[in-house]
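Commentary on secondary and tertiary structure
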Amino acid sequence: MSVPHVVITRRLPARTLAPLEAVASVDVGPSEGWPREELRARVTGADAIISQLTDRIGGEIIDAAPSLKVIANVAVGYDNIDLAAARARNIIVTNTPDVLTNAVAEFTWALILAVTRRVAEGDRLVRRGAWKGWALDFMPGMELAGKQLGIIGRGRIGRAVAQKAAAFGMRVVFAKHDVSFDELLVGSDIISIHTPLSDGTRHLIDRKALVRMKRSAYLINTSRGPVVDEEALAWALDQGLLAGAALDVYEREPDVHSALLTHENVVLAPHLGSATRETRTAMADLAVRNVVEVLAGRPPVTPVS
């Protein structure tokens with residue numbers, strides 16, 4: 001009986017690979033991933049692919065792997081995978097929910113505090129030697145107590161962000177659960193996005209939505225970049241239509257809309273939401289477990305329904 005072959009598109013923590021190496025041959029890509037054509041060539045004999053959210057596993061990749069049984073995505077989202085093509089071949093697709101919930105929720109609050117209290121802006125000012133000392137009216141931010149946090153997306157991460165709001169004395173509303181989407185835009189002091197990317201959520205935050213927000217409000221995005229129309233956001237900031245924004249994800253990562261780089265009231269992070277040692281290792285562990293289970297003929301741990 002032949003040994004199953006697993007293609008891992010990008011490097012994972014070495015210790016997470018042991019259970020897989022015990023039952024399969026493993027081909028691990030570099031940190032930056034393989035070029036598209038090389039990936040297509042490498043999956044030819046693959047029984048399993050472990051992918052990351054920046055890897056587009058489209059129909060041409062799936063078609064190149066006739067023995068493929070499972071695609072395990074090291075992410076909660078799976079918009080990088082052609083689900084229709086996978087289903088047509090009865091290929092199982094899995095993701096890594098739950099294990100990154102707290103890390104992303106914590107990071108969301110880091111962004112909220114950074115932008116509302118002007119932490120990143122102040123850091124830049126100190127580093128360039130422009131701080132002249134304490135003054136009563138110097139760089140005032142916004143207190144969170146008594147303010148409304150509007151959350152778009154009532155999944156695991158959205159709920160985890162909401163649970164932490166009480167510590168800051170904020171009230172929370174969820175779009176389409178507590179209030180309408182428009183009511184959330186109009187009434188919230190901070191809007192935090194935690195919805196998956198789909199045809200229905202792409203550019204959900206566009207010019208029309210931004211115009212409805214308070215001029216004193218802040219926009220936070222730790223979900224998927226294309227949920228926010230970056231050009232519209234840059235325009236709204238230019239027009240002073242909102243107080244600021246904090247982004248961890250972008251429409252065309254790693255590229256960022258150039259106009260956003262010019263605004264001091266924008267915090268820009270390099271997709272760090274789940275970036276703790278504990279969480280990234282747990283994500284890799286779960287992806288590996290999913291593959292091991294499927295290769296053994298058992299149900300996966302966290303299948304995408």
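Cut-offs used in this document
- Residues numbered from 1 in each chain as written.
- Predicted model: local features only at pLDDT ≥ 70, side-chain atom pairs only at ≥ 80, totals over all residues.
- Heavy atoms only, no water.
- Helix = DSSP H or I, 4+ residues; strand = E, 2+ residues; numbered from the N terminus.
- Rg over C-alpha atoms; globule rule 2.2 N^0.38 Å.
- Buried < 20%, exposed > 50% of the residue type's maximum accessible area, 1.4 Å probe, protein only.
- Contact = heavy atoms within 4.5 Å.
- Salt bridge = Lys/Arg side-chain N within 4 Å of Asp/Glu carboxyl O.
- Phe/Tyr/Trp six-rings, centres within 6.5 Å; stacked < 30°, edge-to-face > 60°.
- Lys NZ or Arg CZ within 6 Å of the ring centre and 35° of its normal.
- Core = buried A, V, L, I, M, F, W, Y, C linked by side-chain atoms within 4.5 Å.
- Pairing = 2+ DSSP bridges.
- Axes fitted to C-alpha atoms, helices over the stretch in contact; angles between N-to-C directions.

**Topic: the overall build of the protein**
- Looking only at helices and strands, the protein has 11 helices and 11 strands in total.
- Here the protein has a C-alpha radius of gyration of 21 Å; the compact-globule value for 305 residues is 19 Å, and the two agree.
- Every one of the 305 residues in the protein was classed for burial, and the buried ones make up 50%.
- Put simply, 59% of the contacts in the protein that link residues at least 6 apart link residues at least 24 apart.

**A look at the pattern of salt bridges**
- Enumeration according to the criterion identifies 15 salt bridges in this entry.
- Residue Asp-98 is joined to Arg-156 by a salt bridge in which the shortest nitrogen-to-oxygen separation is 2.5 Å. One end of the pair, Asp-98, is in the loop between β5 (92-94) and α5 (101-116); the other, Arg-156, is in helix α7 (residues 156-165), with 58 residues separating them in the sequence.
- We classify Arg-156 as partly exposed; its relative accessible area is 42%.
- Residues Glu-293 and Arg-298 are paired through a salt bridge, measuring 2.8 Å at the closest nitrogen-oxygen approach.
- Take Arg-298: its relative accessible area is 41%, and that puts it in the partly exposed class.
- By sharing partners, the salt bridges in this structure join Asp-27, Glu-38 and Arg-42 into a single network.

**With respect to unusual backbone geometry**
- Residue Glu-253 is joined to Pro-254 through a cis peptide bond whose omega torsion reads 5°.
- Here Pro-254 lies in the loop between β10 (244-247) and β11 (266-268).
- Phi at Asp-98 takes a positive value of approximately 75°, unusual for a residue other than glycine.
- The backbone phi angle of His-271 is positive, close to 50°, even though this residue is not glycine.
- With respect to the element layout, His-271 can be found in the loop between β11 and α11 (277-295).

**With respect to the packing of aromatic side chains**
- Tallied over the full model, the rule gives one aromatic pair.
- Pairing Trp-109 with Phe-168 gives two aromatic rings, centres 4.6 Å apart and planes at 15°, and the pair type is stacked. A residue pair is termed long-range when its members are at least 10 positions apart, and Trp-109 in helix α5 and Phe-168 in the loop between α7 and β7 (171-174) qualify at 59 residues.
- Since its relative accessible area comes to 4%, Trp-109 is described here as buried.
- Note on Phe-168: relative accessible area 29%, which makes it partly exposed.
- Cation over ring: Arg-154 sits above Phe-174, and NZ or CZ is 5.2 Å from the ring centre.
- Above the face of the Trp-235 ring, Arg-207 is positioned so that its terminal group lies 4.2 Å from the ring centre.

**A closer look at the nonpolar core**
- Within the largest apolar cluster, 44 residues are counted, with the highest numbers of intra-cluster contacts made by Val-6, Leu-20, Ile-50, Trp-109, Leu-149, Ile-190 and Val-291.
- Considering every element that reaches this core, the biggest residue donor is α5, with eight residues.
- The contacts of Trp-109, once residues within four sequence positions are left out, are Leu-144, Leu-149, Val-161, Lys-164, Ala-165, Phe-168 and Met-170.
- Listed in part, the 29 residues of the second largest apolar core include Ile-193, Met-213, Ala-236 and Val-266.

**Side note on the sheet that holds β7**
- With parallel pairing, six strands are arranged side by side in an open sheet as β7-β6-β8-β9-β10-β11. Strands at the two margins of the open sheet, each flanked by one partner only, are β7 and β11. Here the average twist between neighbouring strands, direction ignored, is 15°.
- Bridge count between strand β6 (residues 148-152) and strand β8 (residues 190-193): four bridges; the pairing is parallel. Looking across to β8, one finds that Ile-152 is bridged to Ile-193.

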